[in-house]
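Here is what each chain is made of, one letter per residue.
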Protein chains: 2
Amino acid sequence: MNNFALTLAYDGTPFCGWQLQPNGTSVQQQLEHAIEQATGTHSRVTGCSRTDAGVHAREFVCNFFSSTHISPEQLPAALNFYLPPQIAVRACRAVPQTFHARYDCKAKTYRYHIHNSPVRDPFLLHRAHQVSRPLDVDMLHAQAQDFVGTHDFAAFCAAGSSVKTTVRTVTHAAVQRDGDSVIFSVRGEGFLYHMVRIMAGTLLHIAAGKLQQGSIPAVLASGDRAQAGPTAPACGLCLWEVEY
Amino acid sequence: MNNFALTLAYDGTPFCGWQLQPNGTSVQQQLEHAIEQATGTHSRVTGCSRTDAGVHAREFVCNFFSSTHISPEQLPAALNFYLPPQIAVRACRAVPQTFHARYDCKAKTYRYHIHNSPVRDPFLLHRAHQVSRPLDVDMLHAQAQDFVGTHDFAAFCAAGSSVKTTVRTVTHAAVQRDGDSVIFSVRGEGFLYHMVRIMAGTLLHIAAGKLQQGSIPAVLASGDRAQAGPTAPACGLCLWEVEY
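Calculation criteria
- Positions within a chain are numbered from 1, following the residues in the order the chain's sequence is written.
- Key to labels: chains lettered from A, ligands numbered from 1, both in the order written.
- It should be noted that, the model being predicted, local features are given only for residues of pLDDT at least 70 and side-chain atom pairs only at 80 or more, the latter also being counted only at that level, while totals for whole chains, interfaces and linings use all residues.
- Based on all heavy atoms of the structure, the side-chain values leave hydrogens and waters out of the count.
- Only residues with pLDDT of at least 70 in both copies contribute their C-alpha atoms to the least-squares superposition of the copies.
- It only takes one pair of heavy atoms within 4.5 Å for two residues to be counted as in contact.
- Two parts placed together each lose some accessible area under a 1.4 Å probe, and the buried area is that loss summed for both.
- Whenever two N or O atoms come within 3.5 Å, that pair is a polar contact, provided that in protein one can donate a hydrogen and the other can accept it, and provided that, for residues adjacent in sequence, both atoms are side-chain atoms.
- Helix and strand definitions follow DSSP, with helices as H or I runs of at least four residues and strands as E runs of at least two, each counted in order from the N terminus.
- The classification used treats Ala, Val, Leu, Ile, Met, Phe, Trp, Tyr, Cys and Pro as nonpolar, Asp, Glu, Lys and Arg as charged, and all other residues, Gly among them, as polar.
- For each residue, the accessible area found with a 1.4 Å probe, counting protein chains only, is set against the maximum for its type, and the residue is called buried under 20%, exposed over 50%, and partly exposed in between.
- For two strands to count as paired, DSSP must find a minimum of two bridges between them.
- Centres within 6.5 Å make a pair out of two Phe, Tyr or Trp rings, where for Trp the six-membered ring is used; the pair is then stacked when the planes are under 30 degrees apart, edge-to-face when over 60, and tilted otherwise.
- Here, a charge over a ring means that NZ of Lys or CZ of Arg falls within 6 Å of the ring centre while also lying within 35 degrees of the ring normal.
- The arc in question is the one spanned by the directions pointing from the helix axis to the C-beta atoms.
- Put simply, a salt bridge is a Lys or Arg side-chain nitrogen that is within 4 Å of an Asp or Glu carboxyl oxygen.

Q: Could you clarify how one ought to interpret the relation of the copies chain B and chain A in this entry?
A: One copy of the chain maps onto the second through a rotation about an axis and a displacement along it. Here chain B sits on chain A after a turn of 180° about the axis and a move of 0.0 Å along it, with an RMSD of 0.0 Å. With respect to symmetry, the two chain copies, as superposed, fit the operation of a two-fold axis. Within chain B, the C-alpha atom positioned nearest to the axis of rotation is that of B:Phe123, 5.1 Å from it.

Now the structure itself:
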C-alpha cells in the first residue's frame, strides 16, 4: 500500500463540509467515492482540517493509502474525472508511510473575505460576507494583533466542541483592503471549531461599536464564548494555505 | 415620466441572456419584474447590449421611464430587494428624456477569460473557459492586433443575425496573462452577434495550430463564417465596461 497526499481546492457552497456526515454531501464523501471509482478499492481519506458547511478551500491537503497502479502524476486527472466540478485535485505525490495530513500539518492560513459595500456583488455570492458600512481597516488590523501569540482561545470556540486544550498559537493576523474587499487573514498551528469565524465576527463587532476597541485581550482572558462576537457566516471563510 | 439609467452587474449563469425570451428566465425579465414590484407600474427596460445565455456583465447600463417617486439614490436598494442575488443594481441616475442605453453607448469593452491550466479551478466554474495547453500570450496578443480597425466582421458573426451592416470598428484588442488567467479584452463601438466569442475562438484556433498565424486579415476579407474559428463558450465572456 502506498501513501498518497492530494492537494485539493473546493468551493464549499454545495457541501455539508469536509467531513463525512450521515445526511448531506461532504467533500470527503465525494473524494472517497472518486478514489473508489478510479482505483477499484475503497480508501479512507484523512484531511488536514474539518472545514464547515459552506467554507471554501484554496489549498487543502489529505492523504490515503492505496495499492493502485495509477501513478501520482496520473491520479489528479483520474480523480477529477469522477469528482463534481466544485472540487479539484490540484496535485498528488507519493509520501512516506508515516505522513498524516492532520498531525504533520505545521501551519494553516485562513482568509475571511468581507465584501465591504452597500451594493452586493453577484460574483461574490456564497464567496464573501457582505458588510455595508465602511470598515476602518487600519483600526481592525491593529485590533487583530491581539490574537497573535499563544492564548487560551476558549472564548473563540463554538460550544459542543470536545478538545483536550483550547490553547492555540496564532503566528500572524492581518486585515487588509483591496478595493471593496476586506480580507482578514490568520495563520496558526491549529484552530478550534469556528475559531476563525468567531475572530472575524468579533472584529466586525468592534467595527460596529458593539465591543470596545482594545477588548480582545479581556475577551481572551474571560474564556467566555458569550464575551466574543458572533460567528461570522461560513461563506466568507477560505482555507488558503497549509504548510508541512 | 422620468428617465432612469441603471448600472447593473450580473452573473449570467442562471439566465437565458439579457433579452426577454418566451421560455427561460432573462435578466431583463427579472429587472422588469423588480421595477414593477418596487414602483407599482410595469416599465419596459432598454439595455445597452443583448448578452447571450451564460454571459456575464460587470457593467451593464439600461434605462426605463417611470413616474415613481422613489429617488435615484433609493432605487438601487429598492430594486435589489426584489432581484435575485445573481443580479445587482450598482447605481441609478436620472438622465435626460432623450437618453437611450443602446443608441447612446459610445464604446463597450468585453473580456474573455481563459483559465489556462490542465487542472480546473472550482472558483472559476461557469466564469472562465478552461484551456489545458499553455498559451503563448505574446503571440496571441500580436494576432489580436489584426482585429483593430474598421473591418467587415461578417466572418465573425453568427448565422441568422439580421443587421444592416457587418462593418464594425474595434479600437483596442489585447491578450494578457495573470497567473493561470489569460484575458482577451476588446473594445469597440459595437459588436455583432457572437462576435467576441468567435474572435476568442479564432485566437484559440490559432493557438492550437488549426489556423495559421497571420491569417486573421484573410479571414476578415473572406467574409465567410466558416473560415473563422469556433464560437468560444459563453461562460468566459463578460461585458466589462460601457462608455457614454
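Q: Whenever I open this one, the interface of chain B and chain A confuses me. Can you help?
A: By a frequent convention, interface size equals the accessible area lost on bringing the separate parts together. Counting residues at the interface gives 21 residues for chain B, matched by 21 residues for chain A. Both sides of the chain B and chain A interface together cover about 1,700 Å² of buried area, and 64% of this is carbon and sulfur. When the area that chain B buries against chain A is broken down by residue, the three leading residues are B:Arg120, B:Pro122 and B:Phe123, summing to 42%. For the interface between chain B and chain A, the tally reads 10 residue pairs in polar contact (both at pLDDT 80 or more). Among the secondary structure elements, those contributing two or more residues to the side of chain B that touches chain A are strand S1 (2-10), strand S3 (56-66) and strand S4 (87-95) of chain B. Residues of the side of chain B that touches chain A, tallied by class, amount to 13 nonpolar, 3 polar and 5 charged.

Q: Is there a simple way to think about unusual backbone geometry in this case?
A: Most peptide bonds take the trans form, and the phi angle of most residues other than glycine is negative. Residues and elements named next belong to chain A. Positive phi is not limited to glycine here, since His126 has a value of about 65°. Mapped onto the elements of the fold, His126 is located in the loop between strand S5 (107-116) and strand S6 (129-131). Here His126 falls in the partly exposed class, since its relative accessible area comes to 43%.

Q: Explain the environment of B:Asp180 here, please?
A: Residues and elements named next belong to chain B. Along the chain, the position of Asp180 falls in the loop between strand S8 (167-178) and strand S9 (181-188). Take Asp180: its relative accessible area is 42%, and that puts it in the partly exposed class. Separated by 62 residues in sequence, Asp180 and Pro118 have C-alpha atoms that sit 9.8 Å apart. If we ignore the near neighbours within four places in the chain, the residues touching Asp180 are Ile114, His115, Asn116 and Ser117.

Q: Is there a simple way to think about the pairing of strand S9 (residues 181-188) of chain A in this case?
A: Consecutive residues of a regular strand have side chains that alternate between opposite faces of the sheet. Residues and elements named next belong to chain A. With respect to burial, S9 is a largely interior element, 7 of its 8 residues being buried. The pairing of S5 with S9 spans 8 bridges and is antiparallel. Bridging from a neighbouring strand, Ile114 pairs with Val182 of S9. Bridge count for strand S8 (residues 167-178) against S9 is 8 bridges, and the pairing is antiparallel. The residue of S9 that forms the bridge with Asp178 is Ser181.

Q: It is not clear to me how the environment of A:Lys106 should be interpreted in this structure. Could you clarify?
A: Residue and element names in this part refer to chain A. Here Lys106 lies in the loop between strand S4 (87-95) and S5. Take Lys106: its relative accessible area is 56%, and that puts it in the exposed class. Residues in contact with Lys106, not counting those within four places in the same chain, are Gly188, Glu189, Glu243 and Tyr244.

Q: Sorry, what's going on with the packing of aromatic side chains here?
A: Two aromatic rings are characterised by how far apart their centres lie and by the angle between their planes. Residues and elements named next belong to chain A. Counted by the stated rule, this structure contains 18 aromatic pairs over all chains. Each ring, one from Phe99 and one from Tyr244, has its centre 5.3 Å from the other, and the planes form 50°; the classification is tilted. With Phe99 in the loop between S4 and S5 and Tyr244 in the segment after strand S10 (237-243), the pair connects residues that are 145 residues apart, well separated along the chain. Since its relative accessible area comes to 10%, Phe99 is described here as buried. Overall, the relative accessible area of 34% leaves Tyr244 in the partly exposed class. An aromatic cluster is built from Phe147, Phe153, Phe156 and Phe184, whose rings are joined through pairwise contacts. One residue, Arg93, lies across the ring of Phe99, its end atom 5.6 Å from the ring centre.

Q: Sorry, what's going on with helix H3 (residues 137-144) of chain A here?
A: One full turn of an α-helix is made of 3.6 residues, so residues set three or four places apart face in the same direction. Residue and element names in this part refer to chain A. Considered for burial, the residues of H3 that qualify are Val137, Met139, Leu140, Gln143 and Ala144. On an axial view of H3, the arc spanned by its buried residues comes to 160°, and they lie on one face. Between the side-chain oxygen of the N-cap and the backbone nitrogen of Asp138 there are 3.3 Å, and the N-cap of H3 in question is Asp136.

Q: Is there a simple way to explain the pattern of salt bridges in this structure?
A: A side chain with one charge can pair with a side chain of the opposite charge if their charged atoms come near. Here the structure, examined in full by the defined rule, presents 8 salt bridges over all chains. In this structure, the salt-bridge partner of A:Arg44 is A:Glu32, at a minimum N-O distance of 2.9 Å. Separated by 12 residues along the polypeptide, A:Arg44 in the loop between helix H1 (27-39) and strand S2 (46-47) and A:Glu32 in helix H1 bring together distant segments of the chain. Residue classification places A:Arg44 among the exposed positions, given a relative accessible area of 52%. For A:Glu32, a relative accessible area of 3% gives the class buried. We note a salt bridge from B:Asp11 to B:Arg127, for which the minimum N-O separation is 3.3 Å. Highlighted residues: B:Asp11 in the loop between S1 and helix H1 (27-39) and B:Arg127 in the loop between strand S5 (107-116) and strand S6 (129-131), separated in sequence by 116 residues.

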